[in-house]
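This is what each chain is made of:
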Amino acid sequence: MAKRIGILTGGGDCPGLNPAIRGCVYAAGKLGYECVGILDGWKGLIEGMITALDREITEYFVMKGGTHLGTSRTNPYKKEENVKKCLDNFKKFELYALVTMGGEDTLGVAARFHKEHNLPVVGVPKTMDNDLSATDYTFGFDTSVTVAVDAAERLIDTGRSHHRVMVLEVMGRHAGWVALFTALASGADYVCIPEKKISPAEMIDKIKKVYERKKFALVVASESAGLHPEHEEEFGKEMDQFGHVILKERGIGEKLAGFIEKETGIETRAAVIGHIQRGGEPTLFDRILSTRVGVKAAELVHEGKFGMMAALIGNEIKGVPLDKAAGELKTVSKEWFDLMEIFFSSGGITMPQ
Ligand code: F6P
């Protein structure tokens, strides 16, 4: 009987998960393994929910958004009994190895299972936030930014027509990558990211200057950008099972729009694209990256390299220790601040006479 690999997808879904599942299933098959899917992330391993996976089932997954396996933000380490249930079900389903596809939370649990229980796990990094340390890019990011850029371009059309300031709020959790790349790629006038506290005076100065010239301005804001520290208390404090504040109640886009309108006297509107960024078919980049890391996961299993994760380093897919990915978050680094200065600061812009 062929050795069996279980595959699960955990945390927020993102485009590329289905191609990664397909990559793993195809490569595992070639290496003589069979695969089964575990439904709804770690919840499925706790509750013992599995589904069949083979070449036929996954054949057209390469262009499909979401995750065929379902997902959840369940953390088995919240209850000791759930850790035991995961270990029992791993045995019950006669698994040889577990491929976990997720972000820092899902991979953090995988790393712990490997360290504390010697569970043969391998990781596949995914997240639209692009905030995992051990890999250059995560799949999901390119598609999400592509969707956000499309939204920004639409806001430019309507904003220009009405001579308004438009604020686009994007996701990205505690990293500003989605906002920064969206702003750079859509020719936005200002960007707000959590890594760089907004200077209200500088932002207003920039908006006034560009508005004076073109009667329009576009601001892109990350959902966790900080404007008024004194308003932090008003922001939602509801936590998920991994201890992250759920950011959806925060409404930075609306708050920023209100602030800009008050300070400039210019009519301002905010748009929040939220989960629209996570749906739809993966871009070419995400299809290829996810396929490659999915394939690598099967290879890592075959080589017995457990506790490792498939990572993109340069243009190569390599195995790196899972702990590295589940450790510190990769946020927007200082080098990017220089680029921000060129495109988004008000320095160098002169007001028309
Ligand atoms: O981590 C991915 C992400 O989309 C973040 O950008 C966002 O803050 C969060 O998930 C939203 O989570 P949920 O889908 O649980 O509302």
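(A) Spotlight on the site of the ligand. Neighbouring residues of the ligand: Arg 73, Met 128, Asp 129, Met 171, Gly 172, Arg 173, Glu 223, His 275 and Arg 278. Gly 172 places a main-chain nitrogen or oxygen 3.0 Å from an oxygen atom of the ligand. Arg 173 is positioned such that a nitrogen or oxygen atom in its backbone is 3.4 Å from an oxygen atom of the ligand. In the complex, the protein chains occlude 80% of the 400 Å² of accessible area that the ligand would expose alone. Split by domain, the shell around the ligand shows at least three residues from each of two domains, domain 1 (4-139 + 282-327) and domain 2 (144-279).

(B) How the structure looks around helix α4 (residues 80-92). Under the 1.5 Å per step criterion, the end-to-end length of α4 is 19 Å for 13 residues, consistent within 8% with the ideal 18 Å. Listed as buried for α4 are Asn 82, Val 83, Cys 86, Leu 87, Asn 89 and Phe 90. When α4 is viewed along its axis, its buried side chains cluster within an angular range of 165 degrees and face the same direction. Residues Glu 80, Lys 84, Lys 91 and Lys 92 are exposed on α4 and point more than 90 degrees away from its buried face.

(C) Expanded view of the pattern of salt bridges. Applying the stated rule across the entire model yields 15 salt bridges. Residue Glu 116 pairs with Arg 112 through a salt bridge whose shortest N-O separation is 2.9 Å. Taken together, the positions of Glu 116 and Arg 112, both in helix α5 (residues 104-117) and four residues apart, correspond to about one turn of that helix. Assessed through its relative accessible area of 43%, Glu 116 is described here as partly exposed. Assessed through its relative accessible area of 39%, Arg 112 is described here as partly exposed. Among the salt bridges present, the one from Glu 267 reaches Arg 164, with a minimum N-O distance of 3.3 Å. Of the two residues, Glu 267 sits in the loop between α9 (252-264) and β9 (268-272) while Arg 164 sits in the loop between α6 (141-162) and β6 (165-170), which places them 103 residues apart along the sequence.

(D) Inspection of the environment of Ala 2 at higher detail. Looking at the secondary structure, you find Ala 2 in the segment before β1 (3-9). What makes Ala 2 partly exposed here is its relative accessible area of 31%. Residues Ala 2 and Tyr 96 lie 94 residues apart in sequence; the distance between their C-alpha atoms is 9.7 Å. Discounting chain neighbours no more than four positions away, the residues touching Ala 2 are Gly 32, Tyr 33 and Glu 34.

(E) The sheet that holds β9, seen in detail. One open sheet holds the four strands; their spatial order is β7-β8-β6-β9, and the pairing between them is parallel. Of all the strands in the sheet, just β7 (190-192) and β9 have a single pairing partner and so form its edges. Strand-to-strand twist across the sheet, computed as the mean angle between neighbouring axes with direction ignored, equals 20 degrees. Inspection of the sheet shows β6 paired to β9 by five bridges, in the parallel sense.

(F) The arrangement of the packing of helix α7 (residues 177-186) against helix α12 (residues 334-344) in detail. Running from N to C, α7 and α12 cross one another at 40 degrees; their axes reach a closest spacing of 11 Å. In terms of orientation, α7 lies oblique with respect to α12. In terms of crossing hand, the pair formed by α7 and α12 is left-handed. Taking contact as the criterion, the partners of Trp 177, Leu 180, Phe 181, Ala 183 and Leu 184 in α7 are, on α12, Trp 336, Leu 339, Met 340, Phe 343 and Phe 344. Here the residues of the contact of α7 with α12 are counted per class, giving ten nonpolar, no polar and no charged.

Cut-offs applied
- Residues numbered from 1 in each chain as written.
- Predicted model: local features only at pLDDT ≥ 70, side-chain atom pairs only at ≥ 80, totals over all residues.
- Heavy atoms only, no water.
- Near = heavy atom within 4 Å.
- Polar contact = N/O pair within 3.5 Å; in protein donor to acceptor, adjacent residues only side chain to side chain.
- Areas by Shrake-Rupley, 256 points an atom, 1.4 Å probe, with all protein chains shown as cover.
- Domains from an automatic or database assignment.
- Helix = DSSP H or I, 4+ residues; strand = E, 2+ residues; numbered from the N terminus.
- Expected span 1.5 Å × (residues − 1).
- Buried < 20%, exposed > 50% of the residue type's maximum accessible area, 1.4 Å probe, protein only.
- Arc of directions from axis to C-beta.
- Salt bridge = Lys/Arg side-chain N within 4 Å of Asp/Glu carboxyl O.
- Contact = heavy atoms within 4.5 Å.
- Pairing = 2+ DSSP bridges.
- Axes fitted to C-alpha atoms, helices over the stretch in contact; angles between N-to-C directions.
- Parallel < 35°, antiparallel > 145°, perpendicular 65-115°, else oblique.
- Left-handed = near helix turned anticlockwise from the far one by under 90°.
- Nonpolar A, V, L, I, M, F, W, Y, C, P; charged D, E, K, R; others polar.

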